[in-house]
Amino acid sequence: MTEHTGAKYGGAPGSRGRTSIADVVVEKIAGMAARDVRGVHALGSGFARSMGSMRERMPGAGSGKSVTRGVSVEVGEVQAAIDLELVVDYGVSITDVAGAVRESVISAVERMAGREVVEVNIMVGDVKLPDEEDEGGEREERQRLQ
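Parameters and conventions
Residues numbered from 1 in each chain as written. Predicted model: local features only at pLDDT ≥ 70, side-chain atom pairs only at ≥ 80, totals over all residues. Heavy atoms only, no water. UniProt positions renumbered as here; feature names shortened; annotations may be inferred. Helix = DSSP H or I, 4+ residues; strand = E, 2+ residues; numbered from the N terminus. Buried < 20%, exposed > 50% of the residue type's maximum accessible area, 1.4 Å probe, protein only. Contact = heavy atoms within 4.5 Å. Areas by Shrake-Rupley, 256 points an atom, 1.4 Å probe, with all protein chains shown as cover. Core = buried A, V, L, I, M, F, W, Y, C linked by side-chain atoms within 4.5 Å. Expected span 1.5 Å × (residues − 1). Patch = residues over 30% accessible without salt bridge, like charges linked within 9 Å, V, L, I, M, F, W, Y side chains within 5 Å. Salt bridge = Lys/Arg side-chain N within 4 Å of Asp/Glu carboxyl O. Lys, Arg positive; Asp, Glu negative; His and termini not counted. Charge placed at Lys NZ, Arg CZ, Asp CG, Glu CD.

The name given to the protein in an unreviewed UniProt entry is Asp23/Gls24 family envelope stress response protein, and the organism recorded there is Streptomyces toxytricini. In the Sequence similarities (unreviewed entry) part of its UniProt record, the protein is described as follows: "Belongs to the asp23 family."

Following this line, the structure appears as structure tokens:
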């Protein structure tokens, strides 16, 4: 009687072959995870957000770009590095928000993409004041998605 083990056929079925993950996948995961943190008003600089909102109103423009606005990544075979540009709500502790964003992003990327996150660099480019108009309706878009 012959014993059939995974080793004879190249290992367990789940480990046969390679899995590649595009940078945009990690960008979207990181962008969504960052937006879920309380105190994050939007991602991207004010100029990028206003240009993006104009672009998204154009016929045929995809909505996927708004998820990755303000997010850049470098993804390797086993590791990823992430840069985020945030707009935070006025009155929150920026250091607390940054720490929570790092935790959320690292957890989501490591769980979903299986990549070790070696760093999450955060640049706070703006503060949303209570009396400022929303550029591009990010707050409404976030509420609609939840």
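Having seen it, we continue.
Looking only at helices and strands, the protein features 5 helices and 4 strands. Traced from its N-terminal end to its C-terminal end, the protein shows the element sequence α-β-α-α-β-β-α-β-α. Here the protein, with 146 residues, has 34% of them falling under the buried criterion. Nonlocal contacts in the protein, meaning residues at least 24 apart in sequence, comprise 74% of its contacts between residues at least 6 apart. Within the structure as shown, the protein displays about 9,000 Å² of accessible surface, and the carbon and sulfur contribution to it stands at 52%.

Membership of the largest hydrophobic core comes to 24 residues, with the highest contact counts inside it found for Ile-82, Leu-84, Leu-86, Val-101, Val-105 and Val-109. Broken down by secondary-structure element, the contributors of at least two residues to this core are helix 1 (23-35), strand 1 (40-43), strand 2 (71-75), strand 3 (79-89), helix 4 (94-113) and strand 4 (116-128). Among the elements that line this core, the one with the most residues is helix 4, at 7 residues. Setting aside chain neighbours within four positions, we find Val-105 in contact with Ala-30, Ala-33, Ala-34, Ile-82, Leu-84 and Val-120.

Right, let's talk about helix 1 for a bit. Here helix 1 is 13 residues long and its end C-alpha atoms lie 18 Å apart, about the 18 Å a rise of 1.5 Å per residue gives. Of all the positions in helix 1, only Val-26, Glu-27, Ile-29, Ala-30, Gly-31, Ala-33, Ala-34 and Arg-35 are classed as buried.

Take a negative patch on the surface next. Together, Asp-23, Glu-74, Asp-83 and Glu-119 give the surface a local cluster of negative charge. For Glu-74, the position within the fold is in strand 2. Judged by relative accessible area, which is 61%, Glu-74 ranks as exposed.

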